[in-house]
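Working through the structure, step by step
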Amino acid sequence: MKKFLALAVLAFASAQASANECEVTVSTGDKMQFEQSSLSVPASCSEVTLTLEHKGKMPVSAMGHNWVLAETQQYQDVAMKGAAAGLDNNYLPQGDDRILAHTKMIGGGESVSITFSTEGLAGKDLTYFCSFPGHWTMMKGKFTVQ
Ligand code: CO
């Protein structure tokens, strides 16, 4: 009986820990770069809460940033098609199911959070990027669910 209780406490403790591990923050500013070049969450996270913070001062029309997730083989094409979609569509091709998750486009002083499912993402080669025209070549990183 004692052993069973100890195991139950351990299981509870690890569930608590993973709640924090499932929350990630990525920061950016008035330059075309993310401060983090990679992000990782454990596969035990069924959902990820991602926060994008823009610490700069420039408006969204001049130095907008978003956070978009796609498979690495597909992100360049998504980014190029997104450039034609306009700011009203967050510079993303509408209805494109290659977009696995995304935030809206934000400007300096703003932040935005999204929660998305990790279903089917574990072990995949994933890239996150900003789809503001021209930014994706520099604003990108590896996203890992493992
Ligand atoms: Co950007």
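Residues numbered from 1 in each chain as written. Predicted model: local features only at pLDDT ≥ 70, side-chain atom pairs only at ≥ 80, totals over all residues. Heavy atoms only, no water.

Six octahedral donors around a metal ideally sit at 90 or 180 degrees from one another, while four tetrahedral donors ideally sit at 109.5 degrees. The protein atoms donating to the cobalt ion are G64 (O), H65 (ND1), C130 (SG), H135 (ND1) and M139 (SD), with metal-donor distances spanning 2.1 to 2.8 Å. One chain supplies every donor for the cobalt ion, spaced along it as G-H-x64-C-x4-H-x3-M. Taken together, the residues span a long stretch of sequence, with H65 in the loop between α2 (60-63) and β4 (68-71) and H135 in the loop between β7 (126-129) and β8 (140-145) at a distance of 70 residues. In terms of burial, H65 and H135 fall into one category: buried. (Donors = N, O, S within 2.8 Å, 3.2 Å for Na, K, Ca; no water. Helix = DSSP H or I, 4+ residues; strand = E, 2+ residues; numbered from the N terminus. Buried < 20%, exposed > 50% of the residue type's maximum accessible area, 1.4 Å probe, protein only.)

Let's shift gears to the pattern of salt bridges. If you walk through the whole model with that rule in mind, you get six salt bridges. Between D96 and R98 there is a salt bridge; the shortest N-O distance is 2.7 Å. Just as D96 is buried, R98 falls in that class too. One network of salt bridges, in which partners are shared, links D77, K81, D96 and R98. (Salt bridge = Lys/Arg side-chain N within 4 Å of Asp/Glu carboxyl O.)

For the rest of this paragraph, the subject is the pairing of β7. Judged by which residues are buried, β7 turns out to be covered on both faces: L126 and Y128 on one side and T127 and F129 on the other are all buried. As paired elements, β7 and β8 share four bridges and run antiparallel to each other. Residue pairing for β8: Y128 is matched across the bridge by G141. (Pairing = 2+ DSSP bridges.)

Geometric values such as these leave the question of function open.
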